[in-house]
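Analysis of the macromolecular model
What follows is each chain in one-letter form.
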Amino acid sequence: MKKLFTNIGQLVQVREESSAIIRGLMMSKLPTLDNAYLLIEDGIIQSYGLMADLAPIQVDETIDLLGRMIMPTFVDSHTHLVFAANREEEFVMKIKGMDYQSIADAGGGILNSAKKLQAASEDELFEAASLRLKQVIKQGTGAIEIKSGYGLTTEAEIKMLRVIARLKDEFPIPIKATFLGAHAFPHADHGKYITAIKHEMLPEIYSSGLADYIDTFCEEGYYSPEQMEDILATASKYELKPKVHVNQFNSIGGIEVAVSAGALSVDHLEVLTDDEINLLKDSDTIPVALPGCSFFINIPFSPARKMIESGLPLVLASDFNPGSAPSFNMSFINSLACIKMKLLPEEAINATTYNAAFALELEQEVGSITEGKRANFIVSKTEMTPATIAYNFGVDWIDQVYINGEEFG
Ligand code: NIG
Ligand code: FE
């Protein structure tokens, strides 16, 4: 099945190959073709180029874009999409002046989500997560990571991971599963819970193949760097690479531990010291900022400009979850990056597409318009430029989302 898209006003993020993540000031380059065509076959990108160079070709379907834009789908490398219930009551507490930590201390937060998730059946969780994931894709996300972490017992963590495994089977986009048993402590006996993670959960997850990565929330009042180190060491015996929550509120040494453990990414980074920037520069660990969380709970935004100017690569993700970031809209993440973090629109798009694919080890499959990659791309409603995505904040600019060459939804 060959489909040809013609008269594309702007074909955004065209790359010959995905050999390396983009770092530093190179992030401001977004390769784009004006007045282009795109040829896909059996769900895979076959070729692209300028309309002026399009030779006559036999296809099954031709779609005239009449000047509209095409860009690759977003890659959302950090979400908590499986949960039992929203936490609007905490939203109201926050409006009335309470901060994230006082809400957690008052019975809200991660433990509130865990109580509800433990009581929900696997089928209920799957149905709710499926409805969300459909919306996520319709808003332009074409590859995603989903974490456990609202179970906090062996049974409930496995239940969450089984839901993610079912989503992988049912949905046409690449999905990566991350085990986040170390999200909070479910009771006062911290040693006992860490033993359960290491000696009950990890062996079972390994033998069932339910996770691709391991995560830990390293933060004051949650997991210390030493506790994270201990958990990551056991996880490495079970071949799980770390992608971890660090430096959301405090810099307590989590980045150092994560880098030494060979973490694929360190996520949050609202607080980041110069030494930590240098440490990341000398490593292959990818920094991931989550501006939706900063926006929603009113905490500082990651120093993304400084990171880019120091030569780091940058990835942006939604952190979609019911407590600190209840939105999966990656277009809005682009707006926040430009408006609040002073990224250029080109940098924001690179951080949410091409670079983001590296944070999920999916760079050969998604993230750019490249021959051989999946035909996962977004078609705009009107003629527009890539900068319009961030500029028209909150505006729905997406007409169709193609996944493996088929229109989704
Ligand atoms: O990434 N900070 C830790 N975990 C989530 C929030 C979880 C919650 O509040 O439910 C985050 O922000
Ligand atoms: Fe998170």
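Look up a bit, the structure's there.
Residues numbered from 1 in each chain as written. Chains lettered and ligands numbered in written order. Predicted model: local features only at pLDDT ≥ 70, side-chain atom pairs only at ≥ 80, totals over all residues. Heavy atoms only, no water.

**Here we look at the pairing of strand 5 (residues 69–72)**
The alternating pattern of strand 5 places M69 and M71 and I70 and P72 on opposite faces, both of which are buried. Here strand 5 pairs with strand 14 (residues 377–380) via 3 bridges, running antiparallel. Looking at strand 14, one finds that M71 is bridged to I378. (Buried < 20%, exposed > 50% of the residue type's maximum accessible area, 1.4 Å probe, protein only. Helix = DSSP H or I, 4+ residues; strand = E, 2+ residues; numbered from the N terminus. Pairing = 2+ DSSP bridges.)

**A few points about the coordination of the iron ion (ligand 2)**
Octahedral metal centres with six donors ideally show angles of 90 or 180 degrees, and tetrahedral centres with four donors ideally show 109.5 degrees. Taken together, H78 (NE2), H80 (NE2), H245 (NE2) and D319 (OD) make up the protein donors of the iron ion (ligand 2), found 2.1 to 2.2 Å from the metal. Written as a sequence motif, the donor residues of the iron ion (ligand 2) are H-x1-H-x164-H-x73-D. Pair noted here: H78 is in the loop between strand 6 (74–76) and helix 1 (88–95) and H245 is in strand 10 (residues 241–246), with a separation of 167 residues, a long-range link. By the burial criterion, H78 is buried, and H245 matches it. (Donors = N, O, S within 2.8 Å, 3.2 Å for Na, K, Ca; no water.)

**Things to note about the nonpolar core**
Counting 122 residues, the largest nonpolar core has L133 and L167 as its most contacted members. Counting contributing residues per domain, this core is built from domain 1 (2–72 + 368–407) and domain 2 (75–358), each supplying no fewer than three. The contact partners of L167, leaving out residues within four places of it in the chain, are L81, V82, F126, A129, S130, L133, I146 and I175. Among the nonpolar cores identified, the runner-up in size contains 17 residues, and I8, L38, V379 and Y402 belong to it. (Core = buried A, V, L, I, M, F, W, Y, C linked by side-chain atoms within 4.5 Å. Domains from an automatic or database assignment. Contact = heavy atoms within 4.5 Å.)

**So, the pattern of salt bridges**
As enumerated under the stated definition, the model contains 17 salt bridges in all. When the shortest N-O distance is used, the salt bridge between D215 and K147 registers 2.9 Å. In this pair, D215 sits in strand 9 (residues 213–218) while K147 sits in strand 7 (residues 141–147), placing the two residues 68 residues apart along the sequence. Note on D215: relative accessible area 0%, which makes it buried. Using a relative accessible area of 1% as the deciding quantity, one classes K147 as buried. Note that E365 is salt-bridged to R374, the shortest N-O span being 2.7 Å. When its relative accessible area of 30% is taken as the criterion, E365 is described as partly exposed. Residue R374 is classed as partly exposed on the basis of its relative accessible area, which comes to 21%. Taken together, the salt bridges that share partners define one network made up of E122, D123, R162 and R166. (Salt bridge = Lys/Arg side-chain N within 4 Å of Asp/Glu carboxyl O.)

**Thoughts on the side chain of S130**
Counting through the fold element by element, S130 comes out in helix 4 (residues 122–138). With sequence-adjacent residues up to four places away left out, S130 is seen in contact with L167 and F171.

**Describing the packing of helix 6 (residues 190–208) against helix 7 (residues 225–237)**
Orientation of helix 6 relative to helix 7, taken along the N-to-C sense of each, is 15 degrees, at an axis distance of 10 Å. In this view, helix 6 runs roughly parallel relative to helix 7, as classed from their interaxial angle. Note on packing geometry: the crossing formed by helix 6 with helix 7 is right-handed. Seen from helix 6, the contacting residues are H190, I194, I197, K198 and L202; seen from helix 7, they are Q227, D230, I231, T234 and A235. Within the contact of helix 6 with helix 7, the residues separate by chemical class into 5 nonpolar, 3 polar and 2 charged. (Axes fitted to C-alpha atoms, helices over the stretch in contact; angles between N-to-C directions. Parallel < 35°, antiparallel > 145°, perpendicular 65-115°, else oblique. Left-handed = near helix turned anticlockwise from the far one by under 90°. Nonpolar A, V, L, I, M, F, W, Y, C, P; charged D, E, K, R; others polar.)

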